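# Breakdown of the fold
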Number of protein chains: 2
Amino acid sequence: MDVYVPFDAIDPKRRLESILTADERGAFAEAMLADVLEAVRGADATPHVLSTAPMALDAPVIVDERGLTRAVNGLLDLADRPVVLVMADLPLATDEAIATLTSAAGDVVAAPGIGGGTNALAVHVEDFEVDFHGCSIEDHRRRAVDAGHDFRTVDRYTLGIDIDEPDDLAEVLLHADGDAAGWLREHGFDVVADTDGRVGVERAPGD
Amino acid sequence: MDVYVPFDAIDPKRRLESILTADERGAFAEAMLADVLEAVRGADATPHVLSTAPMALDAPVIVDERGLTRAVNGLLDLADRPVVLVMADLPLATDEAIATLTSAAGDVVAAPGIGGGTNALAVHVEDFEVDFHGCSIEDHRRRAVDAGHDFRTVDRYTLGIDIDEPDDLAEVLLHADGDAAGWLREHGFDVVADTDGRVGVERAPGD
């Protein structure tokens, strides 16, 4: 089965700019992408990267300069079903979680992400378009149901945690063990717990 | 199987005080508790509430005025194995997710929560103590591994999302359909998406 991984190769992970330089954001995004590609392969699927610019990767790269929503809808116009999408910023994703997505019953199967996002999607029907702006999980549910399709969700923490904001880096350090977690450790990041509430990260001085 | 649900009956959900009054926090916490009890029953298990004060509930209530960590360690001293704990602020929890926890192999099985928390735990061995302060999922993993136990995690979004902070209320409205979601809607809360990033909530004026 083919799995498509959209990737912003131009200016990725802008919401991490308070904590990473532009070059670092690029390198960290590529480390997360490598983790996702490995999980896809671990689920016996074939990853394809849907990138906004040419990249040298050990996976086929489809270049589409348009934004995420338009590029994915372009893919939905052309590709055989099912069209399976997994976002590139899911370094916690396990082989098992990806296999659960690719094998799930349903016409449209989505993995919800924190804050209303859609972090992965399997589209088994022809007449479905995506919209990743706003509260996309609700939009995708409504579009599927309104068209009479069977909408299902995949309940996985490791697909739900996309890495967008500085505090999310703690999730990588705690729950991932691939390139992205290694990159953060090499660049001085560590988990820091305050006395109450959720943990965050700190970066060693000089790193 | 018995499942224990710790509950702070005195001053619950303090991190919601910017958005809910003390009375509202109490009512919302009890609505979330009701959802968790229903999911436990849906998983063919028997819920017991481990409360900091007496409560009138349709489930057995064990009163222990000590804090969460000491009350749970007191329970671990007395109760038969496995001791299964599910936190009371998981209104997204499904029957399937609870059943996955109660049936999982392993000596110590944990459901990670956002920000380093431990949202549910199944302890099958005698010599294990909990500590819910700080980065508890890492502490629990280390304690189990150091004692030679097989530590496993349960990968479920619906167990990972505990409701502590105002933005978490959006998760309840998007993904839960029980008492807690109903309570929020009755009290004027709705999901609001800005153009970028994760959704939050807004409350209708006058509610």
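Values in this document were obtained by computation on a predicted structure and should not be read as measured data. (Residues numbered from 1 in each chain as written. Chains lettered and ligands numbered in written order. Predicted model: local features only at pLDDT ≥ 70, side-chain atom pairs only at ≥ 80, totals over all residues. Heavy atoms only, no water.)

Now for the nonpolar core. Core analysis: the largest hydrophobic core is formed by 147 residues, its most contacted members being Phe28 and Val172 of chain A together with Phe28 and Val172 of chain B. Beyond its immediate stretch of four places on either side in the chain, Phe28 of chain A contacts Leu16, Leu20, Ile163, Leu169, Val172, Ala180, Trp183 and Leu184 of chain A. (Core = buried A, V, L, I, M, F, W, Y, C linked by side-chain atoms within 4.5 Å. Buried < 20%, exposed > 50% of the residue type's maximum accessible area, 1.4 Å probe, protein only. Contact = heavy atoms within 4.5 Å.)

On to the relation of the copies chain A and chain B. The two copies are related by a screw motion: chain A maps onto chain B through a turn of 180° and a shift of 0.0 Å along the axis, at an RMSD of 0.0 Å. Within this description, the copies of the chain are treated as partners about a two-fold rotation axis. In this assembly, 100% of the residues forming the interface of chain A have copies in chain B that are likewise at the interface, indicating an isologous arrangement. (Least-squares fit on C-alpha atoms with pLDDT ≥ 70 in both.)

Of all residues in chain A, 99% attain a pLDDT of 70 or more, and the chain-wide mean is 96. Scoring of the predicted complex yields 0.97 for pTM and 0.97 for ipTM. (pLDDT = per-residue confidence, 0-100.)

Attention now moves to unusual backbone geometry. Residues other than glycine predominantly adopt negative phi, and peptide bonds predominantly adopt the trans conformation. Arg81 of chain A connects to Pro82 of chain A through a cis peptide bond whose omega is -5°. For Pro82 of chain A, the position within the fold is in the loop between helix H2 (68-78) and strand E4 (83-86). The phi dihedral of Lys13 of chain B falls on the positive side, at around 55°, and the residue is not glycine. Here Lys13 of chain B shows up in the loop between strand E1 (2-7) and helix H1 (22-42). Its relative accessible area of 16% is what places Lys13 of chain B among the buried residues. Positive phi, close to 60°, is recorded for Asp44 of chain B, a residue that is not glycine. You can see Asp44 of chain B is positioned in the loop between H1 and strand E2 (46-51). By relative accessible area, which is 69% here, Asp44 of chain B ends up exposed. (Helix = DSSP H or I, 4+ residues; strand = E, 2+ residues; numbered from the N terminus.)

Residues and elements named next belong to chain B. Across the sheet, 7 strands lie side by side as E3-E2-E1-E4-E6-E5-E7; this open sheet has mixed pairing. Two strands close off the open sheet at either side, each with one partner strand: strand E3 (61-63) and strand E7 (151-153). Within the sheet, the average angular offset between the axes of one strand and its neighbour, ignoring direction, is 30°. Contacts from H1 reach E1, E2 and strand E4 (83-86), with the element oriented near 170° to E1. (Pairing = 2+ DSSP bridges. Axes fitted to C-alpha atoms, helices over the stretch in contact; angles between N-to-C directions.)

Looking now at the packing of aromatic side chains. All names here are of chain A. Inspection of every chain in the model, using the stated rule, returns 2 aromatic pairs over all chains. A centroid spacing of 5.6 Å and a plane angle of 45° characterise the contact between Phe28 and Trp183, whose relative ring orientation is tilted. Taken together, the residues Phe28 in helix H1 (residues 22-42) and Trp183 in helix H7 (residues 179-186) connect sequence positions 155 residues apart. Here Phe28 matches Trp183 in class, with each residue buried. (Phe/Tyr/Trp six-rings, centres within 6.5 Å; stacked < 30°, edge-to-face > 60°.)

It is worth spelling out the interface of chain A and chain B at this point. Between chain A and chain B, the contact holds 34 residues from the first and 34 residues from the second. Surface buried jointly by chain A and chain B totals about 2700 Å² across both partners, of which 52% is contributed by carbon and sulfur atoms. Three residues, Asp155, Tyr157 and Arg198 of chain A, lead the burial of chain A against chain B; their summed loss comes to 30% of the area buried on that side. One can count 8 salt bridges joining chain A with chain B. Where Asp162 of chain A meets Arg198 of chain B, a salt bridge forms, and the shortest distance between an N and an O atom there is 3.6 Å. Across the contact surface, chain A and chain B share 18 residue pairs in polar contact (both at pLDDT 80 or more). Broken down by secondary-structure element, the contributors of at least two residues to the side of chain A that touches chain B are helix H3 (95-103), strand E5 (108-113), helix H4 (136-146), helix H5 (157-160) and helix H6 (168-175) of chain A. No other element matches the 4 residues that H6 of chain A contributes to the side of chain A that touches chain B. In terms of residue class, the side of chain A that touches chain B is made up of 11 nonpolar, 9 polar and 14 charged. (Buried area = accessible area lost by both parts, 1.4 Å probe. Salt bridge = Lys/Arg side-chain N within 4 Å of Asp/Glu carboxyl O. Polar contact = N/O pair within 3.5 Å; in protein donor to acceptor, adjacent residues only side chain to side chain. Nonpolar A, V, L, I, M, F, W, Y, C, P; charged D, E, K, R; others polar.)

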